[in-house]
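The chain contents come next:
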Amino acid sequence: MTGRAGRCSVYHRRILILLRHGRTPNNAQARLQGQIDSPLDEVGFEQSAVVGKALRDRWPVDRVVTSSRRRTRQTSRAAGLGDVPTTIDDRWMEIDFGAYDDRRISDVMAELGAAWASDISYVPPGGESMACLHERVGEAVAEIVEEAATSNIVVVTHATPIKSAVAWLLDGTAEMIMRLRVSLASVTAFGPVGHGMVLTEFNWRPARHIG
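Draft legend 1. Just the overall build of the chain, in detail. Secondary structure assignment for the chain yields seven helices and six strands. Seen in sequence order, the chain has helices and strands lined up from the N terminus as α-β-α-α-β-α-β-α-α-β-α-β-β. The C-alpha extent of the chain, read off along each of the three principal axes, is 55 × 35 × 35 Å. For the chain, buried positions account for 51% of its 211 residues. Across the chain, contacts joining residues at least 24 apart in sequence account for 70% of those joining residues at least 6 apart. Accessible surface, the chain as shown: approximately 9,800 Å² in total, 51% of it carbon and sulfur. Both charge centroids of the chain, one from 25 positive and one from 25 negative side chains, sit 8 Å from each other.

Printed below as a string of structure tokens:
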């Protein structure tokens, strides 16, 4: 039995890791922040340190990609990835909620969610459609998966781009984004196999997760 399990197990030495940033004041207050340049709060720094240690214990990291938002760059440094070669790619930035940004999620998400459920191309005033986000994230992940076949790459990003990347990997549509949830300071990972990339982790958090 043990031998059979050993033959069937797969260890993905090369992997694409998507890390959601730690908590911010907007997260703590349950407010949308989209492309607002929010910093981490104290809990966010601690979350990032804990998940970063767990991540580095599991996988060596060759390269890091972040969005330009402070919360992703601070998460990367707090996670112990500050010395790893890093590039910024704003295709991994959070969706732009436009006029809905900085408002309480409980006050707006029924309305905004219904609008996107009816039409995934709906553009909030001054913002961005879910379809447009899925297009830009799809371009970014399509570029990076080839490199992930030979290098371990960590993308420090936001909730909606991670959900979009999962939908892309599973040949889903932008509508799938609305049916996924990604926690703060969580890991989602894609690993290469003979036929391409597979989802190896989704919304994983270490046992000592905070918040």
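Draft legend 2. Main features of the side chain of Asp 41. Within the fold, Asp 41 resides in the loop between α2 (25–28) and α3 (42–58). Looking at Asp 41, its side chain comes within polar contact range of the main-chain nitrogen of Val 43, at 3.1 Å. If near-sequence neighbours (up to four positions away) are discounted, Asp 41 is found in contact with Arg 23, Thr 24, Pro 25 and Ala 28.

Draft legend 3. Local environment of the packing of aromatic side chains. Taken as a whole, this structure holds one aromatic pair when the rule is applied. Ring geometry for Phe 97 and Trp 116: centres 6.2 Å apart, planes at 55°, overall tilted. Pair noted here: Phe 97 is in the loop between β3 (86–88) and α5 (105–118) and Trp 116 is in helix α5, with a separation of 19 residues, a long-range link. Like Trp 116, Phe 97 is buried. Here the guanidinium or amino end of Arg 58 rests over the ring plane of Trp 204, the centre of that ring lying 4.7 Å away.

Draft legend 4. Representation of the layout of surface pockets within the structure. Each pocket or cavity is described by its volume, and for the largest pocket that value is around 740 Å³. If you trace the largest pocket, you find 34 residues lining it, with Arg 20, Ile 105, Ala 159, Lys 163 and Val 182 closest to the centre. Listed by contribution, the elements that provide at least two residues to the lining of the largest pocket are α2, α5 and α7 (159–169). With four residues, the single largest contributor to the lining of the largest pocket is α5. In terms of residue class, the lining of the largest pocket is built from 14 nonpolar, 12 polar and eight charged.

Draft legend 5. Structural detail: helix α6 (residues 130–148). The end-to-end C-alpha distance of α6 is 26 Å, a good match for the 27 Å that 19 residues give at a rise of 1.5 Å each. Considered for burial, the residues of α6 that qualify are Met 130, Leu 133, His 134, Arg 136, Val 137, Gly 138, Ala 140, Val 141, Ile 144, Val 145 and Ala 148.

Draft legend 6. Up close: the sheet that holds strand β1 (residues 16–20). One open sheet accounts for six strands, arranged β3-β2-β4-β1-β5-β6; its pairing is mixed. Because the sheet does not close on itself, it has two edges, and the strands there are β3 and β6 (196–204). Mean inter-strand twist for the sheet, computed between neighbouring axes without regard to direction, equals 20°. In this sheet, strand β5 (residues 187–193) lies alongside β1 in antiparallel orientation, the contact comprising four bridges. Across the sheet, residue Leu 19 finds its bridge partner in β5, namely Val 187.

Reading the values: the criteria
- Residues numbered from 1 in each chain as written.
- Predicted model: local features only at pLDDT ≥ 70, side-chain atom pairs only at ≥ 80, totals over all residues.
- Heavy atoms only, no water.
- Helix = DSSP H or I, 4+ residues; strand = E, 2+ residues; numbered from the N terminus.
- Buried < 20%, exposed > 50% of the residue type's maximum accessible area, 1.4 Å probe, protein only.
- Contact = heavy atoms within 4.5 Å.
- Areas by Shrake-Rupley, 256 points an atom, 1.4 Å probe, with all protein chains shown as cover.
- Lys, Arg positive; Asp, Glu negative; His and termini not counted.
- Charge placed at Lys NZ, Arg CZ, Asp CG, Glu CD.
- Polar contact = N/O pair within 3.5 Å; in protein donor to acceptor, adjacent residues only side chain to side chain.
- Phe/Tyr/Trp six-rings, centres within 6.5 Å; stacked < 30°, edge-to-face > 60°.
- Lys NZ or Arg CZ within 6 Å of the ring centre and 35° of its normal.
- 1 Å grid on protein atoms, 1.4 Å probe; cavity = no way out; pocket = protein on both sides within 12 Å on 5 of 7 lines; lining within 4 Å.
- Points joined across faces, edges and corners; volume = space filled by probe spheres on them.
- Nonpolar A, V, L, I, M, F, W, Y, C, P; charged D, E, K, R; others polar.
- Expected span 1.5 Å × (residues − 1).
- Pairing = 2+ DSSP bridges.
- Axes fitted to C-alpha atoms, helices over the stretch in contact; angles between N-to-C directions.

From the geometry alone we can't say anything about function, so treat these as descriptive.
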